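# Structure at a glance
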Amino acid sequence: MLRPHLPRPGISLPTLNLTHFSTLSISPPQPPPPLPHRRLHTTLYLTLIRLYLSTNNPTRAALAFRSMLSHSLLPSFPSFAFLLSQFAAAGAVSSALEAYRCMISSGYSPNVFVNNVIIQCLCKLGLLDHAIGVIHSGGEVDGVGYNSLIWGFSRVGMVDQGFGVLGLMVKRGVRFDCVTRNVLVTGLCREGQIGFARWVLDNLVDGDDNDDIVGCIALVDGFCKAGDVDGAMMVVREMEARGLEPDVVTYNAVVDGLCSSGRWGEAESMLDDMKGRVGNEVGGDERCNVITYTTLIGWYCKRGEMEKAWSLYKDMVMKGILPDVVTYSAIVNGLCKGGRLDDAVLLFREMEDMETQPNHVTYTTLIDSLFKAGGVLGALMFLGQMVARGHLLDVVLCTSLVDGLFKAGKCKEAEDMFCSLPKYDVIPNHVTYSALIDGRCKLGDMTGAQSALEEMEEKRISPNVVTYSSIISGYMKERKVEQGLGIMRQMTTKNIYPNCITYGALIDGSFRAGKQDVALELYDGMKMRSLNENNYIVDAVVNSLRRNGKISDAEKFCQDMISRGIQLDCVNYTSLMDGYFKIGDASTALRVGQEAKEKGLEYDSVALNVLINGLSKLKDNDPHADHDVIKQMNVDADCGTYNTMISIYCKDGKIDRALELWVDMKRNRVLPNTITCNILITGLCKFGKIEEVVNILSEGSALGFCPSSTIHREVLAAASKSKRAEKILQMHQMLLKLGLKEDEKSYNTLVGALCGVSMTRKAASVLEDMKRRGISADTITYNALMRGYCKGSHLMKALATYSEMLAHGVSPNIATYNTLLCGFCAAGWMQKAAKIVDEMEMRGFARNATTYDILISGYAKVNDKKESMRLYCEMVILGFIPRTSTYNALIHEFTREGMMRQASELMNEMQSREVAANSSTYDILISGWFKLSNQTDLHKHLQKSHRKEAKRLFKHMNEKGLVPCETTLSFMSCSLARPGKKADARRLLNQIYRNKETV
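Report follows, based on the coordinates. Since the model is a prediction, treat every value here as computed from it, not as a measurement.

On the secondary structure map, T921 appears in helix α51 (residues 919-933). What makes T921 buried here is its relative accessible area of 0%. Engagement of the side chain of T921 in a polar contact is seen with the side chain of N888, the distance being 2.6 Å. A polar contact of 2.8 Å, which involves the side chain of T921, links it to the side chain of N918. In this structure T921 touches T884, N888, I891, M907 and M910, once residues within four positions along its chain are discounted.

In structure tokens, the structure reads:
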């Protein structure tokens, strides 16, 4: 907006044109009612309009006004003036201007009251040129109108123009008053011109009693906002000396200023002084109002002093001062920042019980905090409630939603939320884009992150250091150091300089990528910029030293950081502790752990895992040693601690120790939870301890444990090891009794378990039982049954099941066809397999990597080398990576034909595609080279060369820890044995690999 200037004498002023202020067009005029009824109809309309305005419904009032005009009903001048003032008072400024236009077009001349109102409306809309036009149009305007114009200039930061209006008032003989002075003082204070404001307050007088409290309050507030609380206190003392007793508004301003300056003791003293003075001496009913308490409560919450905030909250309630939405929002924010989300939600409920409606700030605080704490369902519940109550989404809340959904793993929802911003009329800012970029980087979608950065630049939204740090962190996690350094150079060219977080990501990523020189160079560059280390950088350096076996140097580095004033966190101590455990120095590891506890650091799940895992490797003979050491270190062994220990023992195969801990936790009155039962049952199932599983399930049911579909699958897999259908069905029935839901998923698991041990007849009967119970079989059910038939070589039954599946309207998927292909290819029925491929493609399914693996292996099995290689080339061209078994089949084909060079090339191609070779790969190649070397007509030089290649592969196999088969050992025995020592050589090889398996 151009800054309007007061007109100079002799210059024409803009004429006032208000036709464009009408927001809705007036309907075409209707035939007027008969003359006797016109006055009655006009009165009825005016009454209706007044009723709407009195009930705070200006929109309906405006519609009624337009309807009145459309019927050619015109109110009298007093009625016009009244409507004009009422529309303006209700905030319906556009409707007030429309009424003014109609009044002028009806031939009425505005009086001083109407002109004052219209000037105020124009100033509210910021149309200051038009407001000046009203004053210079020749109409009557008194001091009220001029004061409104001065206020209009002051509110848009143009208080200097307000003094021009003051000069015009004096020139025209319009008397200014204390309101004029107060408006100018307020405007000057808002612009930070406190000294000039004080001069105006003291010198702009007009002979009357100029002791006005409003101007003093504005000056006090101005001093406080400028950070000069002492100046504000001096004004308060001057007020008292002049007999102007400061009211609660004055004291509130001073209290807020004291809190802003950190002068808490003085703020509390002033609150006590207010309780004793305000109201008693002034004659008011309130000693301190809700704003006073809310100001102090808000500051206490920002400082994290929640006990003091609660104390003030209780004090205000005891004194009958009801908290408002701002008070509640401040406390909710403090509780959320302190991690007390449960208390925050309880206070939110209390807020509703007190009939105080939460506002946008309250909801945003709770939703953002719940997302950050992982409470996704709670956050979405409050979001739904907020929308249902009519609160609009703004950029702050939308940013919290994008960030929270990404962190909760709901990436699609986060992307959808960002794409929906235009629907909510929300324009994303740099913080929103930073949340989007950070989420994409954590997913490894660096292309998407770069695209978002380019979109920001296209929309002229400037990225900040947080945005660039997120992208750098994403590249460094993928060990793309050059790209990360490129982004840092890009940001510095735009005068955005990296901070500690940026350097932390670069240093850590460089260390992890093995580029220590780059990391150290970055560290020196950070120090040159006078940036201090943070805990993240400390951990990056410690981890690098730890990985290189320099754990002592890592601790020295940490001690140096402590001497520089950096407080190590739990992550830093955990890295040190893990390093000492890994080199077998348990005593030092425990000392480091004890030091962390003495400094008041709480162990997180990672620290507990390191501690327990380290102890479990050192205390094999004593089942309670870990628990005793943890007690000595003052770590409370709660359910989470036991779960961690049980999980470690189950992973290490120490099932007996895990069961002892189950007993131990109940002995120590630590109640096992669902996680405990799941961990222990999964571990027992892994090692086939089905009887112990039954015991844990029985005990768990008494604790309220209800088996999940995952536990159902694990238990049935363990029961399948008995190869007895009765055992599988027995465990299934037991889990149903313990609360497992009898649905499609549970039946699919049962059918899959039975088919997995080739009990297809029982599986088919389960399928029939499903149908009798009204549970529909789905694609997974039929796929499992077909897999069982194919495994048992009942291929025609598998095809019959496929036909039944189609007849029942169940759609097959790619896994269906791969299952059938696997069965027919294993049997060598490649013509049938080709027909299945045709059927699959006819139904719109494209071949995937598994399809190609099956077909290649099938054609290789029937010695169709040409077709298998054609399929292999087609597979690679499409971007699929063959499995190890596929390569093995092809290699076997070439070795069988004595084409060892081609077989070796396939081996090299495996390695280039990062497909790991297994024992079978090496066995096939070693046997092939030995067989080729044993040909009688082969030159001795070539025989020796082929055996050398076989020995090289054998050595490579040994280095990888792979165990050869009997054929490979036989060939190697012949190769290594001297005459008469063949048996000894073979025993030596057997001993080597027996030791290897033990390790």
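Once that is clear, we can look at the packing of aromatic side chains. Under the definition given, this model contains 10 aromatic pairs. Through successive ring pairs, a cluster of aromatic residues spans F348, Y363 and F382. The ring of F82 carries R50 above its face, with NZ or CZ at 4.5 Å from the centroid.

Turning next to the nonpolar core. By size, the foremost hydrophobic cluster in this structure holds 219 residues, and its most contacted members are I297, I331, I367, I507, L680, I681 and V715. Ignoring sequence-local partners within four residues, the contact set of I507 consists of A519, L522, Y523, I537 and A540. Listed in part, the 73 residues of the second largest apolar core include A61, L84, C121 and I194.

Moving on: the environment of G614. Its place among the elements puts G614 in helix α33 (residues 605-616). We classify G614 as buried; its relative accessible area is 9%. Taking the C-alpha atoms as reference points, G614 and F581, separated by 33 residues in sequence, lie 5.6 Å from one another.

Moving on, we get to helix α28 (residues 516-528). Along its 13 residues, α28 runs 18 Å from first to last C-alpha, staying within 8% of the 18 Å computed at 1.5 Å per residue. Regarding α28, the residues found buried are A519, L522, Y523, G525 and M526. Along the long axis of α28, the arc covered by the buried residues comes to 160 degrees, so they all point the same way. Facing away from the buried side of α28, by more than 90 degrees, are the exposed residues D517, E521 and M528.

Looking now at the packing of helix α17 (residues 325-337) against helix α19 (residues 360-372). Between α17 and α19, the shortest axis-to-axis distance is 9 Å and the interhelical angle comes to 10 degrees. Considered as vectors, α17 and α19 are oriented roughly parallel to each other. The segment α17 lies against α19, with V325, S329, V332, N333 and C336 engaging V361, T362, T365, L366 and S369.

Conventions and cut-offs
- Residues numbered from 1 in each chain as written.
- Predicted model: local features only at pLDDT ≥ 70, side-chain atom pairs only at ≥ 80, totals over all residues.
- Heavy atoms only, no water.
- Helix = DSSP H or I, 4+ residues; strand = E, 2+ residues; numbered from the N terminus.
- Buried < 20%, exposed > 50% of the residue type's maximum accessible area, 1.4 Å probe, protein only.
- Polar contact = N/O pair within 3.5 Å; in protein donor to acceptor, adjacent residues only side chain to side chain.
- Contact = heavy atoms within 4.5 Å.
- Phe/Tyr/Trp six-rings, centres within 6.5 Å; stacked < 30°, edge-to-face > 60°.
- Lys NZ or Arg CZ within 6 Å of the ring centre and 35° of its normal.
- Core = buried A, V, L, I, M, F, W, Y, C linked by side-chain atoms within 4.5 Å.
- Expected span 1.5 Å × (residues − 1).
- Arc of directions from axis to C-beta.
- Axes fitted to C-alpha atoms, helices over the stretch in contact; angles between N-to-C directions.
- Parallel < 35°, antiparallel > 145°, perpendicular 65-115°, else oblique.

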